[in-house]
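Tertiary structure, described
Spelled out, the chains give:
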Amino acid sequence: TSPEKVLLHFINRNGEKFSVTAKEGQSLLEVVVNQNLSIDGFGACEGTLACSTCHLIFEEEAFRKLGAVSDEELDMLDLAFGLTDTSRLGCQVHVKKWMDGLTLHVPREVSDIRKELEVEKQS
Ligand code: FES
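What comes next is a walk through the structure.

Scoring rules and cut-offs
Residue numbers restart at each chain and count upward from 1, following the sequence in its written direction. The predicted nature of this model means local features are confined to residues of pLDDT at least 70 and side-chain atom pairs, given and counted, to a pLDDT of 80 or more, with totals for whole chains, interfaces and linings taken over all residues. Processing note: side-chain calculations cover all non-hydrogen atoms of the structure and skip hydrogens and water entirely. A run of DSSP states H or I qualifies as a helix once it reaches four residues; a run of E qualifies as a strand once it reaches two. Both are numbered from the N-terminal end. The cut-offs for exposure are 20% and 50% of the maximum accessible area for each residue type, with area from a 1.4 Å probe on protein chains only; residues under the lower value are buried, those over the upper are exposed, and the others partly exposed. We call two residues in contact whenever any of their non-hydrogen atoms come within 4.5 Å of each other. Accessibility throughout is a Shrake-Rupley quantity obtained with a 1.4 Å probe, and a residue counts as covered only by protein chains that appear here. Here, nonpolar core means buried Ala, Val, Leu, Ile, Met, Phe, Trp, Tyr and Cys residues that are tied together by side-chain atoms lying within 4.5 Å of each other.

Concerning the overall build of the protein
The helix and strand inventory of the protein stands at four helices and five strands. Of all 123 residues assigned to the protein, the portion counted as buried reaches 44%. Contacts in the protein between residues far apart in sequence, at least 24 positions, make up 66% of those at least 6 positions apart. For the protein, the exposed surface amounts to about 7,100 Å²; the carbon and sulfur share of it is 47%.

Quick look at the structure:
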């Protein structure tokens, strides 16, 4: 059987809305990249849990359904700007059938941890 198609909505920083059809099993980072969504700076570390730029905010109910967050993801989330109680890293969340119609918010601020470390090194 072919993977289920799941409709997802992304609300970008400026309020712009992207509605895309994702495939079950893809990570949300893959969805953004494959669909060429213009979310500035998203997924800078390509899903290697090193940047937190793939930070997405979920609706509360959906967040609860996602289940446990790994320690590695939590560590990286801690460094994300604008962290909320329903924040996750998009590269660590995979599309599920129940997500059909889900809206994901891109946080207003983004930080690429690697860039900040660079700056610290230089000063
Ligand atoms: Fe860098 Fe997810 S893409 S942590």
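Section: unusual backbone geometry
The backbone of Asn-36 shows a phi angle near 60°, a positive value even though the residue is not glycine. Here Asn-36 shows up in the loop between α1 (28-34) and β3 (55-57). Even without being glycine, Leu-49 reaches a positive phi, approximately 55°. With respect to the element layout, Leu-49 can be found in the loop between α1 and β3.

Details of the nonpolar core
Counting residues in each nonpolar core, the largest one holds 30 residues, and the members touching the most others are Leu-8, Phe-10, Leu-28, Ile-39, Leu-56, Phe-58 and Leu-104. Listed by contribution, the elements that provide at least two residues to this core are β1 (5-11), β2 (17-23), α1, α2 (60-66), α3 (71-77) and β5 (102-105). A per-element tally of this core places α1 first, with four residues. In this view, Leu-8 contacts Phe-18, Ser-19, Val-20, Ala-22, Leu-28, Val-95, Met-99, Leu-102 and Leu-104; residues no more than four positions away in its chain are not counted.

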